Amino acid sequence: CAPSDLSSGINAEYGDELKEELNIEKATSNRLESDRMTFERQARELQAKLEEVESVVKAKQGAAIASLQNKISSLEEQLDNESKEKQNLSKNSRRSDRKIKELTLQIEDERRQCEQYKDQMEKANSRMKTLKRQIDQNFDEVSAAN
């Protein structure tokens with residue numbers, strides 16, 4: 001075997017190994033590139049899903065907030081109405097209390113007047129009886145004198 005034959009055999013064998021390694025590296029590179037593209041596509045899909053979920057959550061939160069704000073407004077209005085009603089009831093109660101006091105005083109005055117009228121009537125009846133007796137006595141005296 002000549003040295004040039006040996007060297008070409010080694011070069012051919014080394015070249016075959018390099019080609020095989022190159023093919024393996026190309027296959028690995030292609031697989032990695034394919035994996036990278038798959039991961040990028042999945043990342044985009046997941047990002048789109050995340051954005052969609054976030055928008056749905058924001059919409060639901062917005063609707064929930066709006067609903068709660070409406071409920072708060074409704075409760076505040078109801079509280080205002082009940083407060084006004086309570087004020088009116090208090091005012092009417094005070095007015096009724098004053099009227100009751102006035103009527104109570106009026107009734108007491110009328111009772112006193114009634115008692116005074118009774119006393120005056122009894123005095124008048126007594127006076128009338130006394131006068132009637134005096135008249136009867138005077139008639140008797142006049143009749144006896146005649």
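The structure this text deals with has already been given above.
A. Representation of the overall build of the chain. The helix and strand tally for the chain stands at 1 helix and 0 strands. In terms of overall dimensions, the chain is more spread out than a globule: its C-alpha atoms have a radius of gyration of 61 Å, far above the 15 Å expected for 146 residues. Each principal axis of the C-alpha atoms in the chain carries an extent, and together these give about 210 × 20 × 15 Å. By the burial criterion, 0% of the 146 residues in the chain qualify as buried. Here the chain has roughly 13700 Å² of accessible surface; of this, 54% comes from carbon and sulfur atoms. Each charge class in the chain can be summarised by its mean position, and for the 26 positive and 30 negative side chains these summaries are 17 Å apart.

B. Up close: the pattern of salt bridges. For the structure on display, the rule yields 5 salt bridges. Between Arg31 and Asp35 there is a salt bridge; the shortest N-O distance is 3.7 Å. Within this pair, Arg31 and its partner Asp35 are both found in helix H1 (residues 3-145), separated by 4 residues, close to a single helical turn. On the basis of relative accessibility, which here comes to 47%, the residue Arg31 falls in the partly exposed class. Take Asp35: its relative accessible area is 29%, and that puts it in the partly exposed class. With its nearest N and O atoms 3.3 Å apart, the salt bridge here joins Glu45 to Arg41. Within this pair, Glu45 and its partner Arg41 are both found in helix H1, separated by 4 residues, close to a single helical turn. Linked by salt bridges that have partners in common, Glu33, Arg36 and Glu40 make up one network.

C. Representation of a positive patch on the surface in the model. A cluster of basic residues, Lys91, Arg94, Arg95 and Arg98, forms a positive patch on the protein surface. By the element assignment, Arg95 lies in helix H1.

D. A look at the environment of Asn30. Structurally, the position occupied by Asn30 is in helix H1. By relative accessible area, Asn30 is classed as exposed at 54%. With 43 residues separating them in the primary sequence, Asn30 and Ser73 have C-alpha atoms 63 Å apart.

E. Just a negative patch on the surface, in detail. Judged by side-chain charge, Glu13, Asp16, Glu17, Glu20, Glu21 and Glu25 come together as a negatively charged surface patch. Its location among the elements puts Glu20 in helix H1. The class of Glu20 is exposed, set by a relative accessible area of 52%.

So, how was this worked out
- Residues numbered from 1 in each chain as written.
- Predicted model: local features only at pLDDT ≥ 70, side-chain atom pairs only at ≥ 80, totals over all residues.
- Heavy atoms only, no water.
- Helix = DSSP H or I, 4+ residues; strand = E, 2+ residues; numbered from the N terminus.
- Rg over C-alpha atoms; globule rule 2.2 N^0.38 Å.
- Buried < 20%, exposed > 50% of the residue type's maximum accessible area, 1.4 Å probe, protein only.
- Areas by Shrake-Rupley, 256 points an atom, 1.4 Å probe, with all protein chains shown as cover.
- Lys, Arg positive; Asp, Glu negative; His and termini not counted.
- Charge placed at Lys NZ, Arg CZ, Asp CG, Glu CD.
- Salt bridge = Lys/Arg side-chain N within 4 Å of Asp/Glu carboxyl O.
- Patch = residues over 30% accessible without salt bridge, like charges linked within 9 Å, V, L, I, M, F, W, Y side chains within 5 Å.

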